[in-house]
Structures are given as C-alpha cells and as structure tokens.
Amino acid sequence: MMSCQYLVLLLLSVGVSAVEVQRPRGVPLSKRQFYEEGKPFTCLDGSRTIPFDRVNDDYCDCQDGSDEPGTAACPNGSFHCTNAGFRPGFIPSSRINDGICDCCDTTDEYNSGAACQNTCRELGRKEKESLQKIAEIAKEGFLLKQQLILEAKRGLEEKKAKLADVQASKKDMEEMVEALRTVKETAEQPEKEAKERHLKAWEDEKAVIRMEKDKARMAEVFLELDDNADGLVSVDELMSHSELKPDSDGPFTEGEAQGLLGGVDKVDTVAFESVWNNIKEKYISEATADTPAPVETPQEEVREPVPDNDSEQYPEDDIPEEEEDDDEEDEDDDPDERDYKVSPQKKKDDDDEGSMPPYDQETQSLIDAAQKARAEFDEAERALREVDDQIRNLEKEISFDFGPSAEFAHLYSQCYELSTSEYIYRLCPFNRVSQKPKYGGSETNLGTWGKWAGPEDNIYSVMKYEHGTGCWQGPNRSTTVKLTCGKETVVTSTSEPSRCEYLMEFISPAVCQEPPNVDSINHEHEEL
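Residues numbered from 1 in each chain as written. Predicted model: local features only at pLDDT ≥ 70, side-chain atom pairs only at ≥ 80, totals over all residues. Heavy atoms only, no water.

**Side note on the overall build of the protein**
- Counting its regular elements, the protein contains eight helices and 14 strands.
- A buried classification covers 32% of the 528 residues belonging to the protein.
- When contacts within the protein are restricted to residue pairs at least 6 apart in sequence, those whose partners lie at least 24 apart make up 49%.
- Approximately 33,900 Å² of the protein is accessible, and the part contributed by carbon and sulfur atoms is 49%. (Helix = DSSP H or I, 4+ residues; strand = E, 2+ residues; numbered from the N terminus. Buried < 20%, exposed > 50% of the residue type's maximum accessible area, 1.4 Å probe, protein only. Contact = heavy atoms within 4.5 Å. Areas by Shrake-Rupley, 256 points an atom, 1.4 Å probe, with all protein chains shown as cover.)

**Points about the packing of aromatic side chains**
- Applying the stated rule across the entire model yields 18 aromatic pairs.
- Between Phe-430 and Trp-449, the aromatic rings sit 5.1 Å apart at their centres with planes inclined by 70 degrees, giving edge-to-face as the arrangement. On the criterion of sequence distance, the pair formed by Phe-430 in the loop between strand 8 (423-428) and strand 9 (432-437) and Trp-449 in strand 10 (residues 444-452) is long-range, its members being 19 residues apart.
- Using a relative accessible area of 6% as the deciding quantity, one classes Phe-430 as buried.
- Ring centres of Trp-449 and Trp-452 lie 5.7 Å apart, and the angle between their planes is 80 degrees; on these two criteria the pair is classed as edge-to-face.
- The exposure class assigned to Trp-449 is buried, which follows from its relative accessible area of 19%.
- The rings of Phe-400, Phe-402, Phe-408, Tyr-412, Phe-430, Trp-449, Trp-452, Tyr-460 and Tyr-465 are connected pair by pair, giving a single aromatic cluster.
- Positioned above the aromatic ring of Tyr-110, the side-chain terminus of Arg-25 is 3.8 Å from the ring centre.
- The aromatic ring of Phe-377 is capped on one face by Lys-184, whose charged end is 5.2 Å from the ring centroid. (Phe/Tyr/Trp six-rings, centres within 6.5 Å; stacked < 30°, edge-to-face > 60°. Lys NZ or Arg CZ within 6 Å of the ring centre and 35° of its normal.)

**Side note on the side chain of Lys-245**
- With respect to the secondary-structure elements, Lys-245 resides in the loop between helix 3 (235-239) and helix 4 (254-260).
- A polar atom in the side chain of Lys-245 sits 3.0 Å from the backbone oxygen of Pro-251.
- Leave out the neighbours within four places in its chain, and Lys-245 touches Gly-250, Pro-251, Phe-252, Glu-256 and Lys-282. (Polar contact = N/O pair within 3.5 Å; in protein donor to acceptor, adjacent residues only side chain to side chain.)

**Notes on unusual backbone geometry**
- Here Thr-106, not a glycine, exhibits a phi torsion of approximately 70 degrees, which is positive.
- You can see Thr-106 is positioned in the loop between strand 4 (89-92) and helix 2 (120-225).
- One non-glycine residue, Phe-430, adopts positive backbone phi at about 65 degrees.

**Looking at the pairing of strand 10**
- Both strand 9 and strand 10 contribute to a ladder of four bridges, which runs antiparallel. Residue pairing for strand 10: Gln-435 is matched across the bridge by Thr-444.
- Linking two consecutive strands that pair antiparallel, namely strand 9 and strand 10, is a turn of six residues; a positive phi of about 100 degrees is found at Gly-440 within it. (Pairing = 2+ DSSP bridges.)

**Details of the nonpolar core**
- Counting residues in each nonpolar core, the largest one holds 26 residues, and the members touching the most others are Phe-408, Leu-427, Phe-430, Met-463, Val-481 and Phe-506.
- At the level of secondary structure, the elements contributing two or more residues to this core comprise strand 7 (416-419), strand 8, strand 10, strand 11 (462-466), strand 12 (478-484) and strand 14 (501-507).
- Setting aside its immediate chain neighbours within four residues, Val-481 contacts Leu-427, Ser-461, Val-462, Met-463, Tyr-465, Met-504 and Phe-506.
- Grouped together as the second largest cluster of nonpolar side chains are 18 residues, Leu-238, Val-275, Ile-279 and Tyr-283 included. (Core = buried A, V, L, I, M, F, W, Y, C linked by side-chain atoms within 4.5 Å.)

**Some points on the packing of helix 2 against helix 5 (residues 272-279)**
- At their nearest, the axes of helix 2 and helix 5 sit 11 Å apart, and the two run at 95 degrees to each other. In this view, helix 2 runs roughly perpendicular relative to helix 5, as classed from their interaxial angle. Mapping the contact onto sequence places Asp-214, Arg-217, Met-218, Val-221, Phe-222 and Leu-225 in helix 2 and Phe-272, Glu-273, Trp-276 and Ile-279 in helix 5.
- In terms of residue class, the contact of helix 2 with helix 5 is built from seven nonpolar, no polar and three charged. (Axes fitted to C-alpha atoms, helices over the stretch in contact; angles between N-to-C directions. Parallel < 35°, antiparallel > 145°, perpendicular 65-115°, else oblique. Nonpolar A, V, L, I, M, F, W, Y, C, P; charged D, E, K, R; others polar.)

**Concerning the sheet that holds strand 9**
- Taken in spatial order, the eight strands line up as 7-8-9-10-11-12-14-13 in an open sheet, and their pairing is mixed. Each edge of the sheet is formed by a strand with only one pairing partner; in this case those strands are strand 7 and strand 13 (490-498). Taken pair by pair, the neighbouring strands of this sheet meet at an average axis angle of 25 degrees, ignoring direction.
- Of the strand pairs in this sheet, strand 10 and strand 11 are connected by four bridges, and their pairing is antiparallel. Within strand 11, the position partnered with Trp-452 by the bridge is Met-463.

**Points about helix 8 (residues 361-399)**
- In a regular helix each residue adds 1.5 Å, so 39 residues correspond to 57 Å; helix 8 covers 57 Å between its end C-alpha atoms and thus fits that length.
- Two to three positions downstream of the cap, the backbone nitrogen of Glu-362 sits 3.1 Å from a side-chain oxygen, assigning the N-cap of helix 8 to Asp-360. (Expected span 1.5 Å × (residues − 1).)

**Quick look at helix 5**
- For helix 5, every residue scored as buried is listed here: Phe-272, Val-275, Trp-276 and Ile-279. Buried residues of helix 5, viewed axially, fall in a sector of 105 degrees; they line one side. (Arc of directions from axis to C-beta.)

**Observations regarding the environment of Val-462**
- Assignment of secondary structure puts Val-462 in strand 11.
- Through-space distance from the C-alpha of Val-462 to that of Thr-484 is 9.1 Å; in sequence the pair is 22 residues apart.
- What Val-462 contacts, discounting residues up to four positions off in sequence, is Lys-451, Trp-452, Ala-453, Gly-454, Thr-480, Val-481, Lys-482 and Leu-483.

**A few points about the confidence of the model for the protein**
- Per-residue pLDDT for the protein has a mean of 84; in total, 81% of the residues score no lower than 70.
- This stretch, residues 300-343, has a pLDDT under 50; its non-local contacts, to residues over four places away or in other chains, come to 31 contacts. (pLDDT = per-residue confidence, 0-100.)

**Digging into the environment of Ala-383**
- Tracing the backbone through its elements, the reader meets Ala-383 in helix 8.
- The exposure class of Ala-383 is partly exposed, given its relative accessible area of 22%.
- Spatially, the C-alpha atoms of Ala-383 and Lys-170 are 9.5 Å apart, while their sequence positions differ by 213 residues.

Pasting the structure below:
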C-alpha cells in the first residue's frame, strides 16, 4: 500500500501546474544544473567531457547515455516526461519517436508525426480523486487507530490491575488449600483405621464361615468314603478314589493309602480331620464324578480379509491430526472403592460368603466426614488451578507483542470470516486460521499463530501462521496474512499461491499510519 507521504506528494504533483523550465529535451529538473548551455558537458558517470553542442545530437558519446536524454541514440538512455498536470516519469530512450505516445504530454513523439493528445490533465484529475479517497481512508483509519491505542492502554492497565488482584488472591487460596489438606489428612486417618477394622471383622467372619463350610464338606466326604457305614474310613475305601494318589507313577498302592491315613489302616471322624487337610484339594465327590465335564467347542477360525490392492483407499487430501490421549485419573475416586480384578474362584467364594455388611454408624460418620473434607480440598485445589490458568493467560496477554502501541490488541480473541463459493475461511488473529467446506465436511487447520513477518521497516504489516494440518504427501499448511489500512476490520480475500501455502488480505485501522502535514511539504517538488 502507498505510504501517506507518497500520497501527499502525488496529490501535490498532480494538483499543481508545473512551470516549464528551459533545459535540454528529456532532462529532469533535478539534473538541470548538469546541462548548462555553452559549457562543456561531462557525462554523468564522469567518463568524459564533450562540447555542449553534442548533447542530443543523436549520437551516443557517453557510456551511460547521459548525453542523449532526448534521443534514442543510446540503448541505455532514459527520457524524462515532464507530464505537467500529472506525474512526471521516465521511459526508455528506445521509445522516443517510435510512433507510440508514452508520455501523456506527448513530448516523447516530438519528431515522429504521431497524432498524440495531451491527456495529463485528465489523468491527473482522475488520479487526484483516487488518491484523495485513499488519503481520506488513511486519515479516518488513523483516527480509529488512535481510539484502538487508547482502548488498548486502558485494557492493559485493567489487566495489570486484575493480575495483581488475582496474584494476591492466589496467596490466600494457597493457604486455604494447605489448611484443607491438613483437615483432609486428619479426617482420612480415623476413616482408614475404621475401614480397616470393619474389613478385618468381615475377614474374620468370612474365615469362620469358610471353616464351618470346610467342616461340613469334610463330614460329607467322610460319609462318602465310609462305604460300609461302620464309622471308619479304611485303606481299601480310600483306594477307591485314585485321584488321591500322592504321585502319578503306577497304581494307587495300599502303602500310599495307609500313608495318607497317617500310617494306620482305619481312621474315625476325629482322626479324619488331619487326613482331610491332605486330600481335600484332590478329592472328587462321587456326586460330581458321574457328571461329564463340558467339552469346550473350539471357536471357528476368524480369517482376516485380504486387502485388495486395486481398491485401496487413499486420503483425498489431509493427514488427520493425532488425537491426544486423556490419561488423567479422576481425583475424586476413593482408592478403597475402586474395582479390582479378582479370580473367578475368589469371586465365587465371596459370593458364597455374601457381601460385606454395611458400615456401622460410627464408621459411616467418619467416612462421611473424610469425604466432605476431600470434596472441600478438591474444590479448593481446582479453584487454585483455575487461578493459575488465569494468571498465565493474563501474563501472556500483557507481554504479547500487539504492535508498538498495542494497536492490534483488539484483535485478540476475535475471529473474522470470509465466505467463498466453496469454503468458509476463518481468521482468528494470534490464534489460528482454518478452512471449512461450505456444504458439510470437517474443518482444516491452515496454520497456528507464528510471528510478525513483515519487512524490517514495517514488520507489523504481515502475520505468519504455521504448522497447520499436513497435506497429503506434502508439507504442513501455512498462511501469510497481509494487513493494509482501512476503516473497518475484515478479511477481503484469500488465495493459495503455492500448494498448501495460503495468502489472506486483511484490512484494519490498526495498520494505518499518521498522514503527513500537507502544509509542510515543499510545493516546489515537481518529481518524486
């Protein structure tokens, strides 16, 4: 975009009729002093000096072509168009007298016979109108920019004050969190002890139940083994259960059976208790021995489909971004209440023994008190984390580069859209740029905020957004945003000059520069 200084100079040059100063044809006023009639002429590159009558004699004497500013004799020469009423300028000397009017004042066709008309006044009028509109926009935009700067200054002061308040409140919150942590830990200790007592009592109760079941089972087995019902289990009766053999080699012998009975031939119900401890893991009840074991039906082999290379699907354009795994655990979970994996037998035994009885009133009161303390601590800790986030966000905004006078601060947390025939483009300054199909489809990230990337003398004229969604077999998308002066803030155009590299045009009053004082410009300037 033209600078305001340049605009004013152009307005002056097209609005003031230049007074024609006598000088050799094709020489600009700024170089008039080098072309004094009657004095020898020195080539502007200093290579040689020639008589003045050899200037514009249609023969090139100087290597830089400076002796023939008004003819086409020198291939590297240039002709100055005065263009009174419009902008003066230069054309290559090869265009002099070529039958085509290049200067609006027709001075380049002084000897060609071309029918040229002086259009400088009309061109100057049109350009002046156009430049006046641009200058007016720049002026209004700069006034708006001053308002933005004042708002940014107030906003910065408010943010600094808020940061100080939040930092002060954080200290109080940290003290509260530590106090509630102490309360929580104090309440959790008697809760833990009460739960342990309750669990131990339940385990003791289950042990009694298991012992009673074991005794009942032992009595049943004794009756099953006592085939002749004489109240004794003999070696022969024990040998009828081959699964009780101590080892797997050979048949079940009398000696082995007698060893299981403690070295005697028969045992009564009292002595059988020691025998039962040795055989109960192996013993198979006669009631279940006749029931055939279920045969496990093998599952049919699941065959993976063979991919068809000819019909393999390729992504149309994008490589999906990886989703982040959420590995955070619920901090409110009570470790004592979590589900743990247990073996089927353990689960069966627990089912047989019934569920754990509810806590007594005293224990439940301790649990309720501890849970309340945990909830209050968790809430305070959560609030502290939110304060930390708030502090980080405020510090980021305060230290962010929003321009020399923070004139771009109003763009923060704002988004601007541009709708085309196919897509809706969304620019969120200092955040990201995205593209979404107009008629359904997912949004594509065209880049996240990177840096100011304008030229050294105007760095705040270009924004760079990088590391967007990757293109299929290509680079990650990126977007360059060019900012120009305007009375409103809006995205005016978007394009893709190179694959996966986007260009946006964005106008904003924050870019407008202060117009120069017209009265301070030297009205004697004829050319730029």
